[in-house]
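Chain by chain, the residues run as shown.
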Amino acid sequence: MALMRCDFYSEVLGLSTSMTVLLPQQTSSQIGMSGSAPQGDPPVLYLLHGLSDDDTTWLRRTSIERYVAPLGLAVVMPQVARSFYADEEHGNRYWTFLSTELPRLCHEFFRLSARREDTFVAGLSMGGYGALKWALRDPGRFAAAASLSGALDVAARHHHPTAPLDAGVWHTVFGGRTVAGSDDDTLALLDRAAGADLPALYVACGTEDFLYEDNLTFVAAARERGVPLTVDFSPGAHDWAYWDAKIQDVLAWLPLRAGG
C-alpha cells in the first residue's frame, strides 16, 4: 500500500492540519504481505481517532495497513484534536470540516470511489461516537458505520458519577448548550433516523470498558426504535489490544463489493 501523511490547509478550520492516508496497491512480490487494488476507484474507510489521539494513532498502534492491504480499501484518518467531531462552542468547526470539507478534499487529492456502496466510517471511543453521529446525520453517504468502545451517550458524560468528561473539554466543545436532544446526541439522532435508509451499523464494546454502559444504552434505544444493528459485546477493556482485534472484525463485516 501507499502510505501518505498529507499536510494541507483547511478553509473551514482556518489553519493547516493533517491526515494519514492508506491507498491500495496491487503487489505480489512483497515478503509476508500481498496487496490488492480494484479495477476502478477504490472504496474508502474514514477511520476516526479517540480523545487523546491524532491521525497517526491507528497506524502506530494497530496493524491496520496489513489488515486492509488485501482488501483493496483506501483508509482516510483525519485529525480533529479533542473536538468530539463537533462544531465547538469555543473552538473550531470540526463537524463541518469532517462532514463537508474533508470528503471533498479527499476526492480532489486522491482517486477514491464516490459511491455510497463504497464508503464506510468507523472509529474508537470519541471516534466511535463520531462515526455513528456522522452516519446518522448523513445516512445517504455511507454503506456501513462501526463504533468500537464508542462514547455513545455523550450527554450522560457531562455529570457522570464515575467517569465524567473532562470539564475543560466539555466547555470547549459544548459550552453551556444542551446536548441531549441535539444533533450531537446519538440517542436523539436515532429518533430522527428511524425509518430512514440507514447504513449498516455495528457496535462493539468490551464488557470491562468504562463506556460499556453507554453502549448498552445506545443498543437498547436502537432496538426500541427498530433500528437494525450488529452488536458485539465481549470481554475487553478500553485499550489497543481490544481495538486491534476488533478492527479486524469490522473489516470482515464491511459489505465490500467483490472486484471493487
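Read on for a plain summary of the structure. It should be emphasised that the depicted structure is a prediction, and the values quoted were computed from it without experimental measurement.

1. Some remarks on the side chain of R157
With respect to the secondary-structure elements, R157 resides in the loop between β6 (144–148) and α5 (167–174). At a separation of 2.8 Å, a polar atom in the side chain of R157 contacts the main-chain carbonyl oxygen of A163. Not counting residues up to four positions away in its chain, the partners in contact with R157 are A163, P164, L165, W170, F210, L211 and D214.

2. Comments concerning the environment of T186
Take T186: it is sitting in helix α6 (residues 186–193). Once residues lying within four places of it in the same chain are set aside, the contact partners of T186 are Y129, K133, L136, L152, D153 and F218.

3. Some remarks on the packing of α6 against helix α7 (residues 212–224)
Orientation of α6 relative to α7, taken along the N-to-C sense of each, is 15°, at an axis distance of 10 Å. In terms of axis orientation, α6 runs roughly parallel to α7. The element α6 and its partner α7 pack so that their crossing is right-handed. Every residue of α7 that contacts α6 at T186, L187 and L190 is listed here: T217, F218, A221 and A222. Tallied by class, residues from the contact of α6 with α7 come to 5 nonpolar, 2 polar and no charged.

4. Focus: the packing of helix α4 (residues 126–137) against α6
The interhelical angle for the contact between α4 and α6, taken along N-to-C directions, is 25°, at an axis separation of 9 Å. Taken together, the axes of α4 and α6 lie roughly parallel to each other. Taken as a pair, α4 and α6 cross one another with a handedness that is left-handed. Facing Y129, K133, L136 and R137 of α4, the residues of α6 in contact are T186, L189, L190 and A193.

5. Quick look at the sheet that holds strand β4 (residues 74–78)
Strand pairing within a sheet occurs via backbone hydrogen bonds; the two strands may be parallel or antiparallel. Spatially, the 8 strands line up as an open sheet ordered β1-β2-β4-β3-β5-β6-β7-β8, and their pairing is mixed. The two strands at the open ends of the sheet, each matched to only one other strand, are β1 (2–10) and β8 (230–234). Taken pair by pair, the neighbouring strands of this sheet meet at an average axis angle of 15°, ignoring direction. As paired elements, β6 and strand β7 (residues 200–206) share 5 bridges and run parallel to each other. In the strand pairing of β7, A144 is matched with A200. Against the sheet, helix α3 (residues 94–109) engages β1, β2 (15–23), β3 (44–48) and β4, with an angle of about 125° to β1.

6. Comments concerning the nonpolar core
The biggest cluster of nonpolar side chains holds 58 residues, and the ones touching the most others in it are M19, Y46, F84, V121, F174 and F218. Judged by nonpolar contacts, the second largest core, of 29 residues, contains A69, A144, V250 and L254.

7. Observations regarding the side chain of T17
Following the sequence through the fold, T17 ends up in strand β2. Excluding residues that lie within four positions of it along the chain, T17 makes contacts with C6, D7, F8, S10, Q79 and F97.

8. Some details on α7
Across its 13 residues, α7 extends 18 Å between first and last C-alpha, which sits within 8% of the 18 Å expected from 1.5 Å per residue. By the burial criterion, the buried members of α7 are D214, N215, F218, V219, A221 and A222. Taken around the axis of α7, the buried residues stretch over an arc of 160°, which confines them to a single face. In α7, the exposed residues that point more than 90 degrees away from the buried face are R223 and E224. On the buried face of α7, the contacting elements are α4, α6, β7 and β8. Positive backbone phi, at 70°, marks G226, one or two positions downstream of α7.

What counts and what doesn't
- Residues numbered from 1 in each chain as written.
- Predicted model: local features only at pLDDT ≥ 70, side-chain atom pairs only at ≥ 80, totals over all residues.
- Heavy atoms only, no water.
- Helix = DSSP H or I, 4+ residues; strand = E, 2+ residues; numbered from the N terminus.
- Polar contact = N/O pair within 3.5 Å; in protein donor to acceptor, adjacent residues only side chain to side chain.
- Contact = heavy atoms within 4.5 Å.
- Axes fitted to C-alpha atoms, helices over the stretch in contact; angles between N-to-C directions.
- Parallel < 35°, antiparallel > 145°, perpendicular 65-115°, else oblique.
- Left-handed = near helix turned anticlockwise from the far one by under 90°.
- Nonpolar A, V, L, I, M, F, W, Y, C, P; charged D, E, K, R; others polar.
- Pairing = 2+ DSSP bridges.
- Core = buried A, V, L, I, M, F, W, Y, C linked by side-chain atoms within 4.5 Å.
- Buried < 20%, exposed > 50% of the residue type's maximum accessible area, 1.4 Å probe, protein only.
- Expected span 1.5 Å × (residues − 1).
- Arc of directions from axis to C-beta.

What is shown is where atoms sit, not what they do.
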